[in-house]
Amino acid sequence: MFAGYPSVDIADLLDTYDYVVVGGGTAGCVLANRLSRDVGASVLLLERGGIQDSWISRVPLFSSHFASDGSRSWVTKSIAQGHADNREMEIIGGNCLGGSSRINAMLYTRGLPAEFNAWTKSGSWDYRSMEPHFVKSESNLDRKLDSEKHSGTTGGEWVHRSHNHLHWVHSEHIIKATSSMGIPYVEDPNSPFQPAHGCAKLHYSIDRRGQRCSTFAAFLPRQLALSRTHRLHICTNTLVCRIELSGGSEAGAVKSEGVWVKSRNDSTPPILIRARREVIMCAGPIGTPHLLLLSGIGPRDHLKDHGIAVKKDLPGVGSHLQDHLTVPVQFCVPVSDSLAKIQLRPWIILKELFLYLFFGLGLLLSPVLELSVFIQSRLLDKEFNVSSYSEHDMDSSNPENRPDIEIMPVRSGDITYAHTDTVQIAWGEVNKHRQGGLCFFTVMLRPTSMGTIRLNSNDPALPPAIDPNYLSTSHDISAHRKAVRFALRLKDRMVAQGYPVVTYSAPDFDSDQEIDAYVRSKCQSTYHYSSTCRMGPEHAGVVDEDLKVHGVEGLRIADSSVFPEILSTHIAAATVAVAEKCSALLQGPAAPEPSIV
Ligand SMILES: Cc1cc2nc3c(=O)[nH]c(=O)nc-3n(C[C@H](O)[C@H](O)[C@H](O)COP(=O)(O)OP(=O)(O)OC[C@H]3O[C@@H](n4cnc5c(N)ncnc54)[C@H](O)[C@@H]3O)c2cc1C
């Protein structure tokens, strides 16, 4: 008989498990899979959202937050951002099994070796030690000879691939224009041998059938979950309210004993579930610090202000929030070179459905962003060309060479981006102008602004106070100015090449003042929050290099909150690698080491 997905009701949970994983998101699904491989271990995975699996939720084009019904998303507002026209920014994360990997844009980017070599100052992590943890879970369907030894082949669960050929005419123009500006084309952006900057063809977490390969689909598919029901309990629609800690300040060493959980479907009081070995936090860059604060781990004065008993004074909790801020610069392009063609000519969707269902091809694979341009702005001359550079500048293992600007050319003015605050060439405009949209999202990759996650109230069901503190340093505003100018020069090059692109939304004049005003009024998040429980020594960080929370026994963190600093790329791939590393740490030296193919 057909069995549904094996989710365990909160009333049927055991009193004690060996491991309790908090948050069934991107990282949590990986941990649940790896820890439950051990037939002798019992594992509980707790997720506040539901399973929310449907065909539509697996079709790449329809499954990102921007094109879906919001049922898999958690959406809230930041506090007003003083350096961004006092706007409250939209904050988005996942709220279902698979977490943000169910609603993100599926971009699979490992980042340069330089990213992880920069983490060395916070511990012993570097690219060499991280590479096996990427390789362990990935299957790269576009394996290239030069990266064979450094890339997962067919063994891993988490599949990624490019869209093979380029769908859009303007992509060819972008490659040509950036190359004329001294920026090379990079075929495989996940190769450790790529140059330190370039215009790169992107990879997506899409499986062999053309479906979104979220960490839910990859690591906790129904068959696997069913085969492990005796040792892996997956409990959804369940809110973790706080961590149960024994000891503390005067009472000696702090130890994590388990977690308090309650159903989101009724008002029964929370119950305590104990962890025999460890509690592993995977509630994400907002949920994890929020739960630590509610449990009495965090900055002493802040906890006291909220009447919470201080178990461990750890100032780094919820501090050092980083994100990639983006400013959209928008253009009109021919309808045929944009997803607007589906909006204006609905019958095209029938052709695309046919292509997708029978051949796994076409626009339903969501090629809204097929290239990205990664730039080291220090190498740009006055004309925004990279006119000279040395071999040293292209060394992708050197942290000094991490790119600080990304230009993401996204087909806006179409169904995928019609829902965002600031990108609004939506249905009405598309029809009025009979034009498609192309948006250059200019992203600042190395922000120096840092924000905080703090308590708003002691109710775990209410969002914390999120203050990304965007654009609070002069470095960040001037980096954005450069990024916007670069985007406009790139567009000029495309026009000079004969591509018909017309500005729709951009600063009116090329003055610093005008561009800064545009940046402050249009900027928005790319939802890459990180570093809110970062790895580092106790005075500056929250976890040590074994991902153990400083001064608390039996508690680790294994999600994107532990990044010592934000990466200069999209961060889901590294989140999975961190979770893989955590599982290797937990399973000890006896656990089989991931091997490089
Ligand atoms: C719209 C969007 C687009 C993005 N696009 C990309 C992209 O294309 N490529 C890329 O690399 N990155 C992208 N990112 C970023 C990337 O997806 C995330 O950084 C990454 O997935 C975070 O993983 P995580 O495990 O740290 O957190 P999450 O995946 O967010 O998981 C946290 C989980 O914990 C659960 N949780 C939280 N609090 C509690 C609680 N109290 N009790 C129980 N459960 C709880 C949540 O419901 C969630 O499922 C995007 C993000 C978003 C939101």
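Source: prediction; values computed, not measured.

What counts as what
- Residues numbered from 1 in each chain as written.
- Predicted model: local features only at pLDDT ≥ 70, side-chain atom pairs only at ≥ 80, totals over all residues.
- Heavy atoms only, no water.
- Near = heavy atom within 4 Å.
- Polar contact = N/O pair within 3.5 Å; in protein donor to acceptor, adjacent residues only side chain to side chain.
- Areas by Shrake-Rupley, 256 points an atom, 1.4 Å probe, with all protein chains shown as cover.
- Helix = DSSP H or I, 4+ residues; strand = E, 2+ residues; numbered from the N terminus.
- Nonpolar A, V, L, I, M, F, W, Y, C, P; charged D, E, K, R; others polar.
- Buried < 20%, exposed > 50% of the residue type's maximum accessible area, 1.4 Å probe, protein only.
- Contact = heavy atoms within 4.5 Å.
- UniProt positions renumbered as here; feature names shortened; annotations may be inferred.
- Salt bridge = Lys/Arg side-chain N within 4 Å of Asp/Glu carboxyl O.

## Brief notes about the site of the ligand
Around the ligand there are 33 residues in total, and Thr 26, Glu 47, Ser 100, Ser 560 and Ala 572 lie nearest to it. Asn 104 places a polar side-chain atom, nitrogen or oxygen, 3.1 Å from an oxygen atom of the ligand. Within the backbone of Val 240, a nitrogen or oxygen atom sits 3.0 Å from a nitrogen atom of the ligand. When the ligand sits alone it has 1,000 Å² of accessible area, and the protein chains cover 96% of it. Of all the secondary structure elements, the ones that give two or more residues to the shell around the ligand are helix H1 (26-35), strand E4 (90-94), strand E10 (238-246), helix H8 (284-294) and helix H15 (572-586). Classifying every residue of the shell around the ligand gives 16 nonpolar, 14 polar and three charged.

## With respect to the environment of Pro 334
By secondary structure assignment, the location of Pro 334 is in the loop between strand E15 (325-333) and helix H10 (340-344). Owing to a relative accessible area of 25%, Pro 334 belongs among the partly exposed residues under this scheme. Distance from Pro 334 to Phe 66, taken between C-alpha atoms, is 23 Å for residues 268 residues apart in sequence. Not counting chain neighbours up to four residues away, the residues in contact with Pro 334 comprise Gly 436, Tyr 499 and Pro 500.

## Quick word on the UniProt feature "domain: Glucose-methanol-choline oxidoreductase N-terminal" (unreviewed entry) in the protein
Under the UniProt annotation, "domain: Glucose-methanol-choline oxidoreductase N-terminal" (unreviewed entry) lies at residues 94-117 and 284-298. As annotated, residues 94-117 has a helix share of 21% and a strand share of 4%, and its two end C-alpha atoms lie 29 Å apart. Measuring from the first to the last C-alpha atom of residues 284-298 gives 16 Å, for a span that is 73% helix and 13% strand.

## Concerning the pattern of salt bridges
Within this structure, the stated rule accounts for 24 salt bridges. The closest approach of N and O atoms between Arg 58 and Asp 53, which form a salt bridge, is 3.0 Å. As a salt-bridge pair, Arg 489 and Asp 510 come within 3.3 Å of each other at their nearest N and O atoms. Highlighted residues: Arg 489 in helix H13 (residues 474-496) and Asp 510 in the loop between strand E21 (502-505) and helix H14 (512-522), separated in sequence by 21 residues. Taking relative accessible area as the criterion, Arg 489 reaches 24% and is therefore assigned partly exposed. A residue is classified by how much of its surface remains accessible, and Asp 510, at 48% relative accessible area, is partly exposed. Connected through shared salt-bridge partners, Arg 481, Arg 485, Arg 489, Asp 510, Asp 512 and Asp 516 make up one network.

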